[in-house]
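Reading the structure
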Amino acid sequence: MIHAQDKASSGWVSRIIHRYEGLYPEGQADRTAVAAGLEKSGGWWLAGELLVLADTLGDPKISSIIHTMLNPPSRHSRVTQKQRHAVADALLTRYETAWHVYATAMGKTVDELKSARDD
């Protein structure tokens with residue numbers, strides 16, 4: 001289940017994508033930025049909207065991964081980098097860039113995200 005606390009702020013998204021664009025080549029920056037939103041911190045998803053968006057892709061493998069991410073088999077289970085990258089790759093195949101993935105997931109435009117500050 002995705003909670004209100006699991007939603008990313010536009011400022012965080014803008015900072016994370018800009019940061020990775022400065023550190024990595026184009027494709028790797030997009031993959032790393034999307035995968036970053038699929039991590040948990042303090043028990044909350046950093047960008048739970050990405051899980052909701054990925055589940056709409058209609059890919060049974062991705063839906064299964066998302067189900068496992070949201071309903072771990074035990075309390076000691078962790079989301080793996082391989083799982084995050086599989087979901088990130090599926091989203092990037094459909095939406096092409098990290099900016100478009102996050103904008104679609106958050107219901108914003110790419111320009112709104114690029115110009116966002118802390119909100």
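Positions within a chain are numbered from 1, following the residues in the order the chain's sequence is written. Selection of residues for local features in this predicted model requires a pLDDT of at least 70, selection of side-chain atom pairs for listing and counting requires 80 or more, and totals for whole chains, interfaces and linings are taken over all residues. In computing side-chain properties, one takes all heavy atoms of the structure into account and sets aside hydrogens as well as water.

Comments concerning the overall build of the chain
- When helices and strands are tallied, the chain shows seven helices and two strands.
- If you list the helices and strands of the chain from N to C, you get α-α-β-β-α-α-α-α-α.
- Two things to know: the radius of gyration comes from C-alpha atoms, and the globule rule equals 2.2 Å times the number of residues to the power 0.38. The C-alpha atoms of the chain give 13 Å as radius of gyration, which agrees with the globular expectation for 119 residues (14 Å, within 12%).
- Taking the principal axes of the C-alpha coordinates as reference, the chain spans close to 40 × 25 × 25 Å.
- Categorising residues by exposure relies on relative accessible area from a 1.4 Å probe, with only protein chains included: less than 20% of the type maximum marks a residue as buried, more than 50% marks it as exposed, and the intermediate range marks it as partly exposed. Here the chain holds 119 residues, and the buried ones make up 42% of them.
- About 6,900 Å² of surface is accessible on the chain, with carbon and sulfur atoms providing 49% of the total.
- Computed over 14 positive and 14 negative side-chain charges, the inter-centroid distance for the chain is 8 Å. Working definition: helices are DSSP H or I runs of at least four residues, strands are E runs of at least two. Numbering for both runs from the N terminus. Residue exposure ignores everything except the shown protein chains as possible cover, and the areas themselves are Shrake-Rupley values with a 1.4 Å probe. Two residue types count as positive, namely Lys and Arg, and two as negative, namely Asp and Glu; His and chain ends fall outside the count. Charge placement uses NZ in Lys and CZ in Arg. For Asp and Glu, CG and CD serve respectively.

Thoughts on the nonpolar core
- Think of a nonpolar core as a cluster: buried Ala, Val, Leu, Ile, Met, Phe, Trp, Tyr and Cys residues, connected wherever their side-chain atoms sit within 4.5 Å. Among the nonpolar cores identified, the biggest contains 37 residues, and V34, V87, L91 and Y102 are the most heavily contacted of them.
- Listed by contribution, the elements that provide at least two residues to this core are helix 1 (10–23), helix 2 (26–37), helix 3 (49–55), helix 4 (60–70), helix 5 (81–95), helix 6 (98–106) and helix 7 (110–114).
- When checking whether two residues touch, look at their non-hydrogen atoms; a contact exists if any pair is within 4.5 Å. In this structure, V87 is in contact with L38, A54, I62, I65, I66 and M69, ignoring residues within four places of it in sequence.

A look at the packing of aromatic side chains
- Each Phe, Tyr or Trp ring, with Trp reduced to its six-membered ring, pairs with another whose centre is within 6.5 Å; inter-plane angles below 30 degrees give stacked pairs, above 60 give edge-to-face pairs, and intermediate values give tilted ones. Here the structure, examined in full by the defined rule, presents two aromatic pairs.
- Ring centres of W12 and Y102 lie 6.4 Å apart, and the angle between their planes is 75°; on these two criteria the pair is classed as edge-to-face. Residue W12 is found in helix 1, and its partner Y102 is found in helix 6; the two are separated by 90 residues along the sequence.
- With a centroid separation of 5.8 Å and an interplanar angle of 35°, the aromatic rings of Y20 and Y24 are classed as tilted.

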